[in-house]
Amino acid sequence: MQHWKRILASTLCVALGVAANIGTAAAQTADGKTKIKIGISAGNQEQIFDVVKKVAARDGLTIDVVVFNDYLQPNEALASGDLDANAFQHKPFLDSQIKARGYKIVPVGLTITAPLGIYSKKYHRLDELPEGARVGIQNDPSNGNRALLLLQKAGLIKLKAGVGQAGVNATPLDITENPRKLKLIELDAAQLPRALPDLAAASINNDYAYQAGLSLQKDTIVIEDARGPYANLIATRVDSKDQAWVSKLVKAYQSDEVRTFINGRFNGSIIPAF
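Residues numbered from 1 in each chain as written. Predicted model: local features only at pLDDT ≥ 70, side-chain atom pairs only at ≥ 80, totals over all residues. Heavy atoms only, no water.

J.: How should I be thinking about the layout of surface pockets in this particular structure?
T.: If you roll a probe as big as a water molecule over the atoms, it shows you where there is empty space left. Space inside the largest pocket adds up to approximately 550 Å³. Residue lining of the largest pocket: 25 residues in total, with Pro92, Asn145, Gly164, Asn169 and Tyr230 positioned closest to the centre. For the lining of the largest pocket, the secondary structure elements donating two or more residues are helix H4 (91-101) and helix H5 (141-153). Across the lining of the largest pocket, the residue classes tally to nine nonpolar, nine polar and seven charged. (1 Å grid on protein atoms, 1.4 Å probe; cavity = no way out; pocket = protein on both sides within 12 Å on 5 of 7 lines; lining within 4 Å. Points joined across faces, edges and corners; volume = space filled by probe spheres on them. Helix = DSSP H or I, 4+ residues; strand = E, 2+ residues; numbered from the N terminus. Nonpolar A, V, L, I, M, F, W, Y, C, P; charged D, E, K, R; others polar.)

This is the structure:
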């Protein structure tokens with residue numbers, strides 16, 4: 001009987017040990033993810049992430065990139081769990097999406113600043129814009145606000161005092177002065193490059209301009225300050241923000257290798273925000 005008791009006790013200890021090891025392995029898998037899926041916008045970020053992936057791989061993190069052609073799907077995919085992170089937006093845009101859709105998404109690190117430009121294929125200077133010119137701007141709140149502020153900076157319009165800053169997005173209804181009687185055409189950001197031939201000018205986000213073969217230096221009549229508040233960022237879900245892979249991802253993006261690549265490849269059209 002004592003012999004069987006010893007065998008039973010030994011078997012129980014082994015079983016408990018295996019269970020403990022399984023539990024530990026599961027915890028390590030959950031908290032020590034080594035492969036992630038990240039959503040980005042088409043264009044310059046694709047080139048940048050080719051470098052980010054190489055840097056991250058040396059730190060044991062494999063990155064699968066999913067490319068999107070609009071600004072709405074990456075946050076939807078992240079919120080639903082189809083992505084682990086995304087890297088395509090600035091904080092005012094993320095804030096507006098959280099307010100509108102209730103996403104539990106947070107920024108975890110800065111990436112690039114991509115100055116917004118007013119592009120034109122018909123005119124080379126502001127003073128050439130005729131009275132009544134049709135000017136395209138983005139129809140989403142944060143980028144539309146950004147476009148209006150840029151038009152105001154150029155002296156083409158004047159906005160009500162207090163709008164356009166501190167979380168209060170300006171709309172065309174907030175224009176108090178429009179001496180050239182510009183006609184503002186609100187379109188989805190992705191459509192603006194295609195609409196440019198039919199417009200006198202258009203506010204176009206840097207990634208969409210890049211995809212369309214437009215040059216920030218050659219095809220713009222107004223350029224946003226590169227050191228403004230619109231730095232792009234890496235975002236993830238609230239429940240993931242403290243996981244080890246997040247710090248590895250941010251560290252890889254903000255590496256000297258990536259900084260050197262951005263500065264050398266894009267010649268100032270985008271700049272590191274870190």
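What follows picks up the thread again.
J.: Even after reading the chapter, I still don't get helix H2 (residues 44-57), so can you show me in this structure?
T.: Because each turn of an α-helix spans 3.6 residues, side chains separated by three or four positions in sequence point in the same direction. With 14 residues, H2 extends 20 Å between its outermost C-alpha atoms, agreeing within 8% with the 20 Å of an ideal straight helix rising 1.5 Å per residue. Looking at H2, one finds that the buried residues are Asn44, Gln45, Gln47, Ile48, Phe49, Val51, Val52, Val55 and Ala56. (Expected span 1.5 Å × (residues − 1). Buried < 20%, exposed > 50% of the residue type's maximum accessible area, 1.4 Å probe, protein only.)

J.: Please explain the pattern of salt bridges as it appears in this structure.
T.: Close approach of charged atoms allows side chains of opposite charge to pair. Scanning all chains against the criterion turns up twelve salt bridges. As a salt-bridge pair, Arg101 and Glu76 come within 3.7 Å of each other at their nearest N and O atoms. In this pair, Arg101 is assigned in helix H4 and Glu76 in helix H3 (residues 73-80), connecting sequence segments 25 residues apart. A residue is classified by how much of its surface remains accessible, and Arg101, at 42% relative accessible area, is partly exposed. Given the relative accessible area of 36%, Glu76 is considered partly exposed. Between Lys91 and Asp95 there is a salt bridge, and its shortest N-O distance comes to 3.1 Å. With Lys91 and Asp95 both in helix H4, this residue pair falls four residues apart, about one helical turn. (Salt bridge = Lys/Arg side-chain N within 4 Å of Asp/Glu carboxyl O.)

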